[in-house]
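Okay, here's what each chain looks like letter by letter:
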Amino acid sequence: MSKASRRARFLMAAVLLLSAVMLGPGCAKRMAILYFDDTYHNFAGQALEELHFAYTHVTTTYDFSNAFTSQAWDLVIVDSRTMTFPGDVGLTLIEDFVDKGARAIVSTHLLEGYDLLWKKFGYDYVSTVDEPIPVWPINGDDPLWTEPNDVASSLPLNQADDPYDESHTEPNAYKGKAYGSGIIMAAFNIYTPANEGAVFVANSGRTILNAFFLDDADALNVPIDFDHDGMPDAIEWYMNEIIFVRDAGGASVKPSL
């Protein structure tokens, strides 16, 4: 083989390698991601790591507000298991962020109030259940449930051992119905989903609201893996949600009050 042929083959291999890297999940489209987390297991953070996405991680409402207003962001993720997030300021910033066309994934206990904000996420509160109950994806062939992971047919939170609530007396099911552009993608009761929605996609796929705590998907300090594929179901769930809103497109927004 001539020196020129070897050089050409080397250059071709380099181009193919670079293309593969650029098409990887963390590089296909760089996003500025702000992640608020006051959970026990940090499942959303682990999902971001699995996807090789860079992100800014904050754990207090003060740091969240400061970071959120400091620059433009493509995606904000709020995984708030405790009662600390986010106050009126944080909620107002999220509302402005969504109104201006950005992406958001939210899990919070505040779904019994702030109706105007949650309706922007396609969610209208119906009732609360004072114990963890299973969540069932609807239409298992939808990309939300198949990309990049095939999620389990159910998230059996009734099998969970919640470190915050070992007696299972705190709520982890905020049943809702779809509002406006909202679509119910998972439900607490698969047979009557209209008033028992658990996951809501809205704004042409830019926003996802989880009306329960994925952080509870753990039993005796072992993350639930209902489909036995070696990866915790909550991490797979968050990975799919992140890819779903990424692929939906959206604006880069610096929120303001």
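The structure presented is a predicted model; accordingly, all values stated were derived computationally and were not measured.

### Considering the pattern of salt bridges
Inference 1: Tallied over the entire structure, the rule returns six salt bridges.
Inference 2: As a salt-bridge pair, D216 and R81 come within 2.8 Å of each other at their nearest N and O atoms. With D216 in the loop between β10 (207–210) and β11 (218–219) and R81 in the loop between β3 (75–79) and α4 (87–99), this pair connects stretches of sequence that are 135 residues apart.
Inference 3: Each of E95, D99 and K120 takes part in one network of salt bridges that share partners.

### So, the packing of helix α3 (residues 61–68) against α4
Helix-helix packing is described using two parameters, namely the angle between the two axes and the distance between the axes.
Inference 1: In contact at an axis separation of 10 Å, α3 and α4 are set at 30° when each is read in the N-to-C sense. With respect to α4, the axis of α3 lies roughly parallel. Considering how the two elements wind past one another, α3 and α4 form a crossing that is left-handed. Here α3 contributes F64, S65 and F68 to the contact with α4, which in turn contributes V89, G90, L93, I94 and F97.
Inference 2: Split into classes, the residues belonging to the contact of α3 with α4 amount to six nonpolar, two polar and no charged.

### Some points on the side chain of K175
Inference 1: Examined against the element boundaries, K175 turns out to sit in strand β7 (residues 174–178).
Inference 2: On the basis of relative accessible area, K175 is assigned to the buried category, the value being 15%.
Inference 3: In terms of polar contacts, K175 uses its side chain to reach the side chain of E196, at 3.0 Å.
Inference 4: Excluding residues within four positions of it along the chain, K175 makes contact with Y123, Y125, V126, S127, V129, I133, F188, N195, E196 and G197.

### Some details on the packing of aromatic side chains
Inference 1: Across all of its chains, the model carries ten aromatic pairs by this definition.
Inference 2: With 6.3 Å between their ring centres and 85° between their planes, F188 and F212 make a pair best called edge-to-face. Residue F188 is found in the loop between β8 (183–187) and β9 (197–202), and its partner F212 is found in the loop between β10 and β11; the two are separated by 24 residues along the sequence. Each member of the pair F188 and F212 is classed as buried.
Inference 3: Here a set of aromatic residues connected by ring pairs shows up, and it is made of F36, F64, F68 and F97.

### Some words on the pairing of β8
Inference 1: Burial analysis of β8 places four of its five residues in the buried class, which makes it a mostly covered element.
Inference 2: Note: strand β6 (residues 136–137) against β8, two bridges, orientation antiparallel. Each bridged residue has a counterpart across the sheet, and for W136 the counterpart in β8 is A187.
Inference 3: Where β8 and β9 come together, four bridges link them in antiparallel fashion.

### Observations regarding the pairing of β9
Inference 1: Of all six residues making up β9, six are buried, and the element is well covered by its neighbours.
Inference 2: Pairing geometry for β9 and β10, over four bridges, is antiparallel. Residue pairing in the sheet places F200 in a bridge with L209 of β10.
Inference 3: What sits between the antiparallel neighbours β9 and β10 is a turn of four residues, in which N203 has the positive phi angle 55°.

### Regarding the environment of I138
Inference 1: Residue placement: I138 occurs in the loop between β6 and α6 (143–146).
Inference 2: Expressed as a C-alpha distance, the spacing of I138 and I190, which sit 52 residues apart in the sequence, is 7.2 Å.

Thresholds applied
- Residues numbered from 1 in each chain as written.
- Predicted model: local features only at pLDDT ≥ 70, side-chain atom pairs only at ≥ 80, totals over all residues.
- Heavy atoms only, no water.
- Salt bridge = Lys/Arg side-chain N within 4 Å of Asp/Glu carboxyl O.
- Helix = DSSP H or I, 4+ residues; strand = E, 2+ residues; numbered from the N terminus.
- Axes fitted to C-alpha atoms, helices over the stretch in contact; angles between N-to-C directions.
- Parallel < 35°, antiparallel > 145°, perpendicular 65-115°, else oblique.
- Left-handed = near helix turned anticlockwise from the far one by under 90°.
- Contact = heavy atoms within 4.5 Å.
- Nonpolar A, V, L, I, M, F, W, Y, C, P; charged D, E, K, R; others polar.
- Buried < 20%, exposed > 50% of the residue type's maximum accessible area, 1.4 Å probe, protein only.
- Polar contact = N/O pair within 3.5 Å; in protein donor to acceptor, adjacent residues only side chain to side chain.
- Phe/Tyr/Trp six-rings, centres within 6.5 Å; stacked < 30°, edge-to-face > 60°.
- Pairing = 2+ DSSP bridges.

Such coordinate-based values are descriptive only and should not be taken to indicate function.
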